[in-house]
Amino acid sequence: MRPDLLKGHLDLLLLSIISEAPAHGYAIIDQLHRRSEEAFALPEGTVYPALHRLEDAGFVASTTSRVDGRSRRTYALTGDGRHALAERRQEWLIFKGAINAVLGEQV
Amino acid sequence: MTEAPGPIDSYLDQLLAALRCEPSRIRRILAEAEDHLREAARARIDAGAEPMEAEREAVAAFGPPALVGARFRATRTQSAGGLLLGVGFELAMLATVALLAIGLSGGILFAFGELKGTRFVVRDESFTVVVPFGPCAFMTLPGEQPPPGHGAGCTPEYQQQLADGARTDELTRDALLRAVAGAAGGLMAVGLLLSRRGIAPAGVSRVTPALGAAGFTVLALILLFAAYDAHTLGGYGREGAGMWLSGGLAALAGAAVCTAWLARAVRVSVPRVPGAFALPR
């Protein structure tokens, strides 16, 4: 699948994964990979800027801990993030329904 | 003996060079990237991969450092001041390329003068011969007749000797001025290299080099045609072709630098890592 198809939807996917449980970057990307069945071919490093953007927007908050002598940053959903997730999920459902309606029987 | 850095360490060094933000943010990004890469490599080792191969695969899946750095830059919220600073930085880069090109043209000019003679680079109409005393006093151009009462001893040979000296002075002055511009460009380049880490990009990184490449190319074409005209058609007195040619060649070099800059800007904005999500299960 073309990476640009993911544009605009990555935030929704990340918020959705983080909403289930706080997780660090690798675990979030691993979940994204597993659930999409490797459909999204984008460099893993490009997910981190999206996580930072969500944090700058106040939708997620991060904490650091030490694991195997390394610093690990874990992301958790905030109250604003929960609202944003609900809104974007609703937007996606409307968008998906509109696309399906246009494509009709071809879907 | 110092141990050679592994793929992950090398990658982190490259990522560090690609990041343009404040030091605390850089530390955070590098720590997060290292945690990801070490864990990704460990997962691959657990799946049966050799350690070095596991690190190489983890690095490849993470994406090119330039691309990751560009994405971090693109996600930063910039203030109006930060945006202006970024635009100013890119324009300063363009000015640096221009100054260095002028310096290069001075070097070429000097080399032409040494190799092909001063007539190749300085045409007669481009300078004046000021002789305050002597047999050719008051002469201002080679071949000009001296005023009545001052002509004794002002032979054509002596006039030519004066003109050659003035031509050499003109060449030296031009080459020196261009060298000064080149030195200023070198200082600006050092300053930009030292300051670039704290300055975020303006988001116009493809526009500035594109403008530079187009501008330098047009300038090169004009100057090279002028050199051809001077040398072949006699439009500029059949002399001084080297003056135009030195500028044209330096402008071509400037166009090449801006084109490489543009190619890099385009490359880092397009992800080209198919299947990069191949994390081991």
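Details of the structure are given in the entry above.
Remember, predicted model here, so these are calculated numbers, not experimental data.

Draft legend 1. Quick peek at the overall build of chain A. Across its full length, chain A holds 4 helices and 3 strands. Seen in sequence order, chain A has helices and strands lined up from the N terminus as α-β-α-α-β-β-α. Considering chain A as a whole, with its 107 residues, one finds that 42% of them fall into the buried category. Pairs at least 24 residues apart make up 50% of the contacts formed inside chain A by residues separated by at least 6 positions. By element, 54% of the accessible surface of chain A is carried by carbon and sulfur atoms, the whole surface being about 5900 Å².

Draft legend 2. Fine view of the interface of chain B and chain A. On the side of chain A, 29 residues touch chain B, which itself brings 30 residues to the contact. Overall, the association of chain B and chain A removes approximately 2800 Å² of surface from exposure, summing both partners, and the carbon and sulfur fraction of that is 57%. At the junction of chain B with chain A, the criterion picks out 5 salt bridges. Residue Glu55(A) pairs with Arg28(B) through a salt bridge whose shortest N-O separation is 2.5 Å. Inspection of the chain B/chain A interface yields 12 residue pairs in polar contact (both at pLDDT 80 or more).

Draft legend 3. Summary view of the packing of helix α1 (residues 10–20) of chain A against helix α2 (residues 25–35) of chain A. All names here are of chain A. Packing of α1 against α2 brings their axes to within 10 Å, and their N-to-C directions diverge by 110 degrees. Comparing their axes, α2 and α1 come out roughly perpendicular. Taken together, the residues of α2 that come into contact with α1 (itself represented by Leu10, Leu13, Leu14, Ile17, Ile18 and Glu20) are Ile28, Gln31, Leu32 and Arg35. Here the contact of α1 with α2 is composed, by residue class, of 7 nonpolar, 1 polar and 2 charged.

Cut-offs and rules
- Residues numbered from 1 in each chain as written.
- Chains lettered and ligands numbered in written order.
- Predicted model: local features only at pLDDT ≥ 70, side-chain atom pairs only at ≥ 80, totals over all residues.
- Heavy atoms only, no water.
- Helix = DSSP H or I, 4+ residues; strand = E, 2+ residues; numbered from the N terminus.
- Buried < 20%, exposed > 50% of the residue type's maximum accessible area, 1.4 Å probe, protein only.
- Contact = heavy atoms within 4.5 Å.
- Areas by Shrake-Rupley, 256 points an atom, 1.4 Å probe, with all protein chains shown as cover.
- Buried area = accessible area lost by both parts, 1.4 Å probe.
- Salt bridge = Lys/Arg side-chain N within 4 Å of Asp/Glu carboxyl O.
- Polar contact = N/O pair within 3.5 Å; in protein donor to acceptor, adjacent residues only side chain to side chain.
- Axes fitted to C-alpha atoms, helices over the stretch in contact; angles between N-to-C directions.
- Parallel < 35°, antiparallel > 145°, perpendicular 65-115°, else oblique.
- Nonpolar A, V, L, I, M, F, W, Y, C, P; charged D, E, K, R; others polar.

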